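# Structural overview
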Amino acid sequence: MNHDKMTNISAKRGFLWPSFEIYSGVSGFTDYGPLGASLKNNIMQKWRKQYVSGEGFYEIEGPTVMPKEVLKASGHVDNFTDPMTKCEECGEVFRADHIIEEVIGEDVESLENEELDSIVIENNIVCPECGGKLANIWNYNLMFKTMIGAKGDKVGYMRPETAQGIFILFKRLERFFRGKLPFGVVQLGKAYRNEISPRQGVIRLREFTQAEAEIFLNPKDKTTPKFKQIENEILYLSSQEVQETNGEPLKITAKEAVDKGIVANEMLVYQLYLAKKFLNEIGIPDEVLRFRQHLAGEMAHYALDCWDVECLTDKYGWVEIIGIADRGDYDLTSHTEFSNDELNVFIEYDQPKLVKKTVVKPNLSKFGPVFKGDSPKVKQAIEQADADEIIKALEDNGKYVIELDKTYEVPEELLIVEEVEEEISGEKIVPHVIEPSFGIDRIVYSVLLHSFKDGQKDYFKFAGEVAPVQVGVYPLVNKEGPREIAEDITNKLRLEGYTVEHEVTGTIGKRYARADEIGVPLAITVDFDTLDDEKVTIRNRDSEKQERIAIDEINSYLEEYYK
RNA sequence: GCAGUUGUGGUAUAGUCUGGUUAUUACUUGGGCCUUCCAAGCCUACAACCCGGGUUCGAAUCCCGGCAACUGCACCA
């Protein structure tokens, strides 16, 4: 692990570059150079392979600009904020809660802005810079705000996460999956947060890439048939208890984790396992990973359970790269409330249920003459009221009293009390959501950091599946004969879909060294012997071993290596 | 966001304090020669004073502002 050396080479060889560099840059943004973009794409493709083809989830793609309504419902408009104030004299802007805390020495985090304003006035808090008067406190929202359309009255925001784009499609998706739970939907894409002061390079960006899966399941059944296959896999888990007692991570099987109630349910454990598998396969080993359960105070209020996957770095310590949460029905319920669309699933019972119940309904022929024009609203109130409550009122007083715009007394003879038997074939439930959320940029960084080897030579030992360049082809000497054969091999491999580096100049050692640096796993050299025996030398980056194979066998050799 | 430090070719640097020649050196990179397996050698070329303003006859050098990076503090739903 060597952040400094790694970032140096990653910039030199075209992985990560600071954005807008020729205009002196803007922090919180990064460019992926040619190899970085390729590495990132490979990682995202691998992610799709695991979650879309592997798990049978489907990918959607929504807009990155969202109307205010969506983010109002999700809570981002109101809660994704910091309180700010501005000096009316010198124009300086401050975090209001910080200034206040400095003066009065108390935690004011949970207070409303109006309360903060009055604290400012009561304590005569002024601008720390010039002593000027402070303006009323407003919320600085971490979302990028924009206008939709020319009139400018439609407020939009750049999405702060990709997840909301899935939740708001729920009705369509539920139809697409024909109402069968569980089903999974993923979205990969950019998300935006206008951080006040990002300063950890690619670890904290204002524009970043997420890969999120939303798994909708029945709250009463959070099992998964796939669990059987992985129940004996070992996981290293830092549960709340482990953290509170500063203990060692638990080394337990997936099954034990569920049975002992350390992780809330089967599906959640299964997702932890999938995350681990993914990271291992792209070159991040278990030794630098930890699975950390959110502490009680850390967890969002609606979350039923939440685990972070963190990756060890030399520069930033443990960095959160994945969050896996059971979000309950929070998102769908909230969007149901704000949109007035019912975001739920009808679950049919195995057997229809016969339910006996007592209903109270108005006797309409007597109702009209008594209540006249008011009868529709009294009728409605009766229908909405709890039947048992009405019956009790009738038993006690012989009448039921309704408080609307005025008080209505409904005598017993205007009501019909009936025993009815209803057949109920199922129920509407709001699915729960388990959400694995991957920070792709942080994962790319982690892959770079942990693939990087320094020593005699510095190089990226990328896992074959994510290596940006898969094979180098070099004529040993740039002379007629080997040159043409090498060109021919390169062209054929490119047609096969491989990313090939073709290089004719420089000593062979230098070309190997350069290929090693960017993590090309295999190199093919063509020499004069090739003209006679139609064989080439194939060199392995990691072992530096060479073997001689026939040109005809190159394809199957690569297929075997990269399968 | 606050405080301190820093900003010279692609990279690493000299020069800045004490203003004055064509801005130093090495590596890298492009072209050529040579070269039959791990950064060799030779020739040659490209290439920089973070941006803006000020002081001055003259600014990489002094002053002011901005931007960025680093360190510490704060923030991180």
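The rules behind each value
Residues numbered from 1 in each chain as written. Chains lettered and ligands numbered in written order. Predicted model: local features only at pLDDT ≥ 70, side-chain atom pairs only at ≥ 80, totals over all residues. Heavy atoms only, no water. Helix = DSSP H or I, 4+ residues; strand = E, 2+ residues; numbered from the N terminus. Rg over C-alpha atoms; globule rule 2.2 N^0.38 Å. Buried < 20%, exposed > 50% of the residue type's maximum accessible area, 1.4 Å probe, protein only. Contact = heavy atoms within 4.5 Å. Areas by Shrake-Rupley, 256 points an atom, 1.4 Å probe, with all protein chains shown as cover. Lys, Arg positive; Asp, Glu negative; His and termini not counted. Charge placed at Lys NZ, Arg CZ, Asp CG, Glu CD. Near = heavy atom within 4 Å. Polar contact = N/O pair within 3.5 Å; in protein donor to acceptor, adjacent residues only side chain to side chain. Phe/Tyr/Trp six-rings, centres within 6.5 Å; stacked < 30°, edge-to-face > 60°. Lys NZ or Arg CZ within 6 Å of the ring centre and 35° of its normal. Core = buried A, V, L, I, M, F, W, Y, C linked by side-chain atoms within 4.5 Å. Domains from an automatic or database assignment. Pairing = 2+ DSSP bridges. Axes fitted to C-alpha atoms, helices over the stretch in contact; angles between N-to-C directions.

Helices and strands together make up the secondary structure of chain A, namely 21 helices and 28 strands. The C-alpha atoms of chain A give a radius of gyration of 32 Å, which is well past the 24 Å a tight globule of 563 residues would have. Projecting the C-alpha coordinates of chain A onto the three principal axes gives extents of approximately 110 × 75 × 55 Å. Residues classed as buried in chain A amount to 47% of the 563 residues present. Long-range pairs, those at least 24 residues apart, make up 67% of the contacts in chain A between residues at least 6 apart in sequence. Of the roughly 29100 Å² of accessible surface on chain A, 47% is carried by carbon and sulfur atoms. Once the 68 positive and 101 negative side-chain charges of chain A are each reduced to a mean point, those two points are 4 Å apart.

By nearness alone, 32 residues border RNA strand B, and Phe80, Arg193, Arg199, Tyr512 and Phe528 come closest of all. The sugar-phosphate portion of RNA strand B accounts for 40% of its atoms within 4 Å of the protein, the bases making up the rest. Arg204 has a polar side-chain atom sitting 3.3 Å from a base oxygen of RNA strand B. The contact in question runs from a phosphate oxygen of RNA strand B to an N or O atom on the side chain of Arg514, over 2.6 Å. Every element with two or more residues in the surface near RNA strand B is listed here: helix 19 (508-517) and strand 27 (535-540). A per-element tally of the surface near RNA strand B places helix 19 first, with seven residues.

Right, let's talk about the packing of aromatic side chains for a bit. Here the structure, examined in full by the defined rule, presents 24 aromatic pairs. Ring geometry for Phe170 against Phe183: centres 6.1 Å apart, planes inclined by 25 degrees, an arrangement best described as stacked. On the criterion of sequence distance, the pair formed by Phe170 in helix 8 (residues 170-176) and Phe183 in strand 10 (residues 183-192) is long-range, its members being 13 residues apart. Here Phe170 falls in the buried class, since its relative accessible area comes to 1%. Measuring from centroid to centroid gives 4.3 Å for Phe177 and Phe183, while their planes differ by 10 degrees, and the two rings are stacked. The pair formed by Phe177 and Phe183 is uniform in burial state, with each residue classed as buried. Each member of the aromatic cluster is reached from another via a ring pair, and the members are Tyr58, Phe167, Phe170, Phe176, Phe177, Phe183 and Phe216. Positioned above the aromatic ring of Tyr512 is the side chain of Arg539, whose terminal nitrogen or guanidinium carbon lies 4.3 Å from the ring centre.

Here we take up the nonpolar core. In terms of nonpolar packing, the biggest core is built from 75 residues, with Leu237, Leu279 and Phe438 touching the most fellow members. Ranked by residues supplied to this core, first place goes to helix 12 (residues 266-281) with ten residues. Three or more residues apiece are contributed to this core by two domains, here domain 1 (3-14 + 27-69 + 149-331 + 433-440) and domain 4 (469-562). Core analysis: the next-biggest nonpolar cluster, separate from the first, contains 17 residues, Ala387, Ile390, Tyr400 and Val410 among them.

For the rest of this paragraph, the subject is the sheet that holds strand 5 (residues 81-86). Across the sheet, three strands lie side by side as 6-5-7; this open sheet has antiparallel pairing. Of all the strands in the sheet, the pair left with one neighbour each is strand 6 (93-95) and strand 7 (138-141). Ignoring strand direction, the axes of neighbouring strands in this sheet form an average angle of 45 degrees. With four bridges connecting them, strand 5 and strand 7 associate as antiparallel partners. Counted as the bridge partner of Thr81 is Asn141 from strand 7. Contacting strand 5 and strand 6, helix 5 (residues 96-104) runs over the sheet at an angle of about 70 degrees to strand 6.

Time to look at the domain arrangement of chain A. Each assigned domain of chain A is listed here: domain 1 (3-14 + 27-69 + 149-331 + 433-440), domain 2 (81-141), domain 3 (349-429) and domain 4 (469-562). Taking only C-alpha atoms, the centre of domain 3 and the centre of domain 4 are 84 Å apart.

Another point: the pairing of strand 11 (residues 207-217). With ten of eleven residues buried, strand 11 lies mostly within the body of the structure. Across ten bridges, the pairing between strand 10 and strand 11 is antiparallel. Bridging across to strand 11, Leu188 finds its partner in Ala211. Here strand 11 runs beside strand 21 (residues 432-439); their pairing, made up of six bridges, is antiparallel. When the bridges of strand 21 are listed, Leu217 appears paired with His432.

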